[in-house]
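One letter stands for each residue in the lines below.
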Amino acid sequence: MESKDLILQSHYFGLNGFSLTIEEKTALQSSLIVLQDNNHFHTVVYWGKIMGIKGDYHIAQGYKGSMVGERISFYSVDGGITWNQIAISLTPYELACIKSMRSMFVGIPSYAYIFDKPKEEENEEKIEKVKQNNKVTIAEEDDEENDEDKKEEEENHEDDKPKKEEIFTIVEEKRLSWTITEIDRETSVVPRGAYLVKLDEEKIIVKNTTFFGLDKHAASKIYNYIHLRQPENLKEIMSGQTLNKAFDFADSIDKDIPKGCWSLQFEDIYNMVVGRSLLWPGYVFYHQIGSNVFGGYYIGSGMKNLDLCFMLH
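Quick notes on the rules
- Residues numbered from 1 in each chain as written.
- Predicted model: local features only at pLDDT ≥ 70, side-chain atom pairs only at ≥ 80, totals over all residues.
- Heavy atoms only, no water.
- Pairing = 2+ DSSP bridges.
- Helix = DSSP H or I, 4+ residues; strand = E, 2+ residues; numbered from the N terminus.
- Axes fitted to C-alpha atoms, helices over the stretch in contact; angles between N-to-C directions.
- Core = buried A, V, L, I, M, F, W, Y, C linked by side-chain atoms within 4.5 Å.
- Buried < 20%, exposed > 50% of the residue type's maximum accessible area, 1.4 Å probe, protein only.
- Parallel < 35°, antiparallel > 145°, perpendicular 65-115°, else oblique.
- Contact = heavy atoms within 4.5 Å.
- Nonpolar A, V, L, I, M, F, W, Y, C, P; charged D, E, K, R; others polar.
- Salt bridge = Lys/Arg side-chain N within 4 Å of Asp/Glu carboxyl O.
- Phe/Tyr/Trp six-rings, centres within 6.5 Å; stacked < 30°, edge-to-face > 60°.

A.B. asks: Sorry if this is basic, but what is going on with the pairing of strand β3 (residues 71-76) here?
C.D. replies: One face of the sheet, then the other: side chains in a regular strand alternate in exactly this way. Sheet topology note: the strand β2 (residues 56-63)/β3 ladder contains six bridges and is antiparallel. By the bridge assignment for β3, Gly62 is matched with Ile72. Here β3 runs beside strand β4 (residues 84-86); their pairing, made up of three bridges, is antiparallel. Considered in β4, the bridge of Ser73 is made with Ile86.

A.B. asks: Got a minute to help me understand the sheet that holds β2 in this structure?
C.D. replies: The pairing of strands in a sheet comes from backbone hydrogen bonds and takes either a parallel or an antiparallel form. The mixed open sheet is built from eight strands, whose spatial order is β4-β3-β2-β1-β14-β13-β12-β11. Each edge of the open sheet is held by one strand with a lone partner, namely β4 and β11 (262-267). Averaged over all adjacent pairs, the angle separating strand axes in this sheet is 25 degrees, with direction ignored. As judged from the five bridges shared by strand β13 (residues 283-288) and strand β14 (residues 294-300), these two strands associate in the antiparallel manner.

A.B. asks: How do you make sense of the nonpolar core when you look at a structure like this?
C.D. replies: The nonpolar side chains of a soluble globular protein tend to be buried, and buried together. Judged by nonpolar contacts, the single largest core of 41 residues is most densely connected at Ile50, Leu176, Tyr195, Tyr225 and Phe249. Counting residues in hydrophobic clusters, the runner-up holds 22 residues, among them Tyr12, Leu32, Trp83 and Tyr297.

A.B. asks: Got a minute to help me understand the packing of helix α3 (residues 92-99) against helix α6 (residues 172-186) in this structure?
C.D. replies: Think of two packed helices as two axes; the pair is described by the angle between the axes and how far apart they sit. Remark: α3 packs on α6, axes separated minimally by 10 Å, with the N-to-C direction vectors making an angle of 80 degrees. Our classification of the angle between α3 and α6 gives roughly perpendicular. Each of Glu94, Leu95, Ile98 and Lys99 in α3 lies in contact with α6, whose residues at this interface are Lys174, Arg175 and Trp178. For the contact of α3 with α6, a count of residues per class yields three nonpolar, no polar and four charged.

A.B. asks: Hey, could you run me through the side chain of Ser277 in this one?
C.D. replies: In this fold, Ser277 is placed in strand β12 (residues 272-277). Classification of Ser277 as buried rests on a relative accessible area of 6%. Once residues within four sequence positions are removed from consideration, Ser277 is found in contact with Thr187, Cys261, Trp262 and Tyr283.

A.B. asks: Would you take a moment to explain the pattern of salt bridges for this structure?
C.D. replies: Any two side chains of opposite charge can pair if their charged atoms end up close together. Counted by the stated rule, this structure contains nine salt bridges. Between Glu2 and Lys207 there is a salt bridge, with its nearest N and O atoms 3.1 Å apart. In this pair, Glu2 sits in the segment before α1 (6-9) while Lys207 sits in strand β9 (residues 204-207), placing the two residues 205 residues apart along the sequence. On the basis of relative accessible area, Glu2 is assigned to the buried category, the value being 13%. With relative accessibility at 34%, the residue Lys207 sits in the partly exposed group. Residue Lys174 is joined to Glu94 by a salt bridge in which the shortest nitrogen-to-oxygen separation is 2.6 Å. Of the two residues, Lys174 sits in helix α6 while Glu94 sits in helix α3, which places them 80 residues apart along the sequence. Sharing partners across several salt bridges, the network here consists of Glu182, Arg185, Glu186 and Lys304.

A.B. asks: Honestly, the packing of aromatic side chains in this entry has me stumped. Any pointers?
C.D. replies: For any two aromatic rings, the description comes down to two numbers: the centre-to-centre distance and the angle of the planes. Under the criterion given, the structure shown has 15 aromatic pairs. Ring plane angle 55 degrees and centroid distance 4.8 Å describe the contact between Tyr12 and Tyr286, whose orientation is recorded as tilted. Here Tyr12, found in the loop between α1 and α2 (22-39), pairs with Tyr286, found in strand β13; they are 274 residues apart in sequence, far enough to count as distant. By relative accessible area, which is 6% here, Tyr12 ends up buried. Owing to a relative accessible area of 1%, Tyr286 belongs among the buried residues under this scheme. Arranged with centres 5.6 Å apart and planes meeting at 70 degrees, the rings of Trp262 and Phe285 form a pair that is edge-to-face. In this pair, Trp262 sits in strand β11 while Phe285 sits in strand β13, placing the two residues 23 residues apart along the sequence. Of the residues examined, Trp262 reaches a relative accessible area of 10% and is grouped as buried. According to the relative accessible area criterion, Phe285 is buried, its value standing at 1%. Each member of the aromatic cluster is reached from another via a ring pair, and the members are Tyr225, Trp262, Tyr283 and Phe285.

A.B. asks: Would you take a moment to explain the environment of Ile170 for this structure?
C.D. replies: Residue position: Ile170 is located in strand β6 (residues 167-171). Beyond its immediate sequence surroundings of up to four residues, Ile170 is in contact with Glu94, Cys97, Ile98, Tyr111, Ala112, Tyr113 and Phe115.

A.B. asks: Explain the environment of Trp47 to me, please; I cannot follow it from the model alone.
C.D. replies: Tracing the sequence through the fold places Trp47 in strand β1 (residues 43-51). Classification of Trp47 as buried rests on a relative accessible area of 7%. Taking the C-alpha atoms as reference points, Trp47 and Ser188, 141 residues apart in sequence, are found 9.4 Å from one another.

Function cannot be inferred from these measures alone, as they are strictly geometric.
Structure follows, in structure tokens:
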């Protein structure tokens, strides 16, 4: 949901059973404008909220170039008043540890999750110890008495070492960064035609100012909604029967796996189609029929529904 639409479309937050408080809405309306001006973004989007045990994370994203692949994420832990940029790189071992997590977020960015130390680091430590022992044996030939004192000191030093060196920690801020990226990759849904390719050579994706919405028949078809991301099945997109290079630049959600991971419903009250992700419970996208009103957001626990394949069958 774009920040400029936050006032007029804030009542759509109730589509997934959650909502924002008056204090949160008031803080977001002012702070997102400041965030956009300070960072010179052409568009700022309120991404949503990840709820934790002791606190919640409000997420916002800014765009300086193309609407695909050039987003910068921020999080707020004080109700949307101040924002901190998320720019964290993860190692393969950290990524594997984060994927194994099954608990809720705590709500504290510096909170440390404890894991076993990776085997590579353990092997490196063993090699260093062997080198140190070799140095000690060489020193034995020169002075046996001094060597005995060194051995005693090393043994005492090893006993005094804290057990923290045997563990590996990951702060929650890294988990938050991965979760946002993963939800973006598997959601970020917009109606087909709402965005287009401005320059075919540079692949700059911009909002379509001439988009006036889908009709009721087209809006009810799941293949008329696409992921606002870099395409993952480009060959399948290019082989489509109704290919339009300006509009068909991304994957349609009807190809998502597992099949049936999206629920599409018509809301008579708002005259709109609402889509809900069953893979990431809490993500909602909406489109008002026959208008340029559309958007999406996530309000949930930040946990993926890994049992969906069994639930669908």
